[in-house]
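The lines below spell out each chain.
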Amino acid sequence: MSDSMSKDKHRSLVTYNHITYFLYVISYFTAGLLWIVPIVMNYAKRHDANGSWLATHFDWQIKTFWYSIVWFVIGVIIITFALGGFGVSVLADSGNIAIGSILLAGFGLLIMTFTFIWHLYRIVRGWIALTDGRPVP
């Protein structure tokens, strides 16, 4: 805890971070609809933790959110392209092209699956560090 931060403010920010980690976990059960709530909360209070180990948790959650969004969207774009969703008929009459499309769609799904697991890993790792009173890298 930094010298400039009171114990009450420190305790409040720890509780706040517990809530944001919890909301990220709950968002898995709401088809991601709650994802926006903790990211807004993180941006709203991030400056209050400047100079303390708690600032790492705000940054950790913000980076986790944005990297997850970017990689998930890349996976969706690859799948959409592979299945002809952009007006590009990748699934043509040729059997070779259809197999390639399915493999490309599988690659997009793999990216999305990896992103899901990576996101969950970072939330769990961060929450454990917060519970132990440690910063995250």
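Residues numbered from 1 in each chain as written. Predicted model: local features only at pLDDT ≥ 70, side-chain atom pairs only at ≥ 80, totals over all residues. Heavy atoms only, no water.

Trainee: I tried to follow the overall build of the protein on my own but got confused; where do I start?
Mentor: Check the secondary structure of the protein and you find four helices and zero strands. Going residue by residue from the N terminus, the α and β elements of the protein occur as α-α-α-α. The buried share of the protein, taken over its 137 residues, is 36%. The contacts in the protein between residues at least 6 apart in sequence include a share of 64% that link residues at least 24 apart. As presented, the protein carries roughly 8100 Å² of accessible surface, and 71% of it is formed by carbon and sulfur atoms. (Helix = DSSP H or I, 4+ residues; strand = E, 2+ residues; numbered from the N terminus. Buried < 20%, exposed > 50% of the residue type's maximum accessible area, 1.4 Å probe, protein only. Contact = heavy atoms within 4.5 Å. Areas by Shrake-Rupley, 256 points an atom, 1.4 Å probe, with all protein chains shown as cover.)

Trainee: I'm lost on the pattern of salt bridges in this one. Help?
Mentor: If charged atoms from side chains of opposite charge come close, those side chains can pair. Enumeration according to the criterion identifies four salt bridges in this entry. Across the salt bridge formed by D59 and R46, the nearest N and O atoms sit 3.6 Å from each other. Pair noted here: D59 is in helix α3 (residues 54-82) and R46 is in the loop between α2 (36-45) and α3, with a separation of 13 residues, a long-range link. Given a relative accessible area of 31%, D59 falls into the partly exposed group. (Salt bridge = Lys/Arg side-chain N within 4 Å of Asp/Glu carboxyl O.)

Trainee: Can you walk me through α2 in this structure?
Mentor: Listed in full, the buried residues belonging to α2 are P38, I39, M41 and N42. Down the axis of α2, the sector holding all buried residues measures 160°, keeping them to one side. In this structure, the buried side of α2 is in contact with α1 (7-27) and α3. (Arc of directions from axis to C-beta.)

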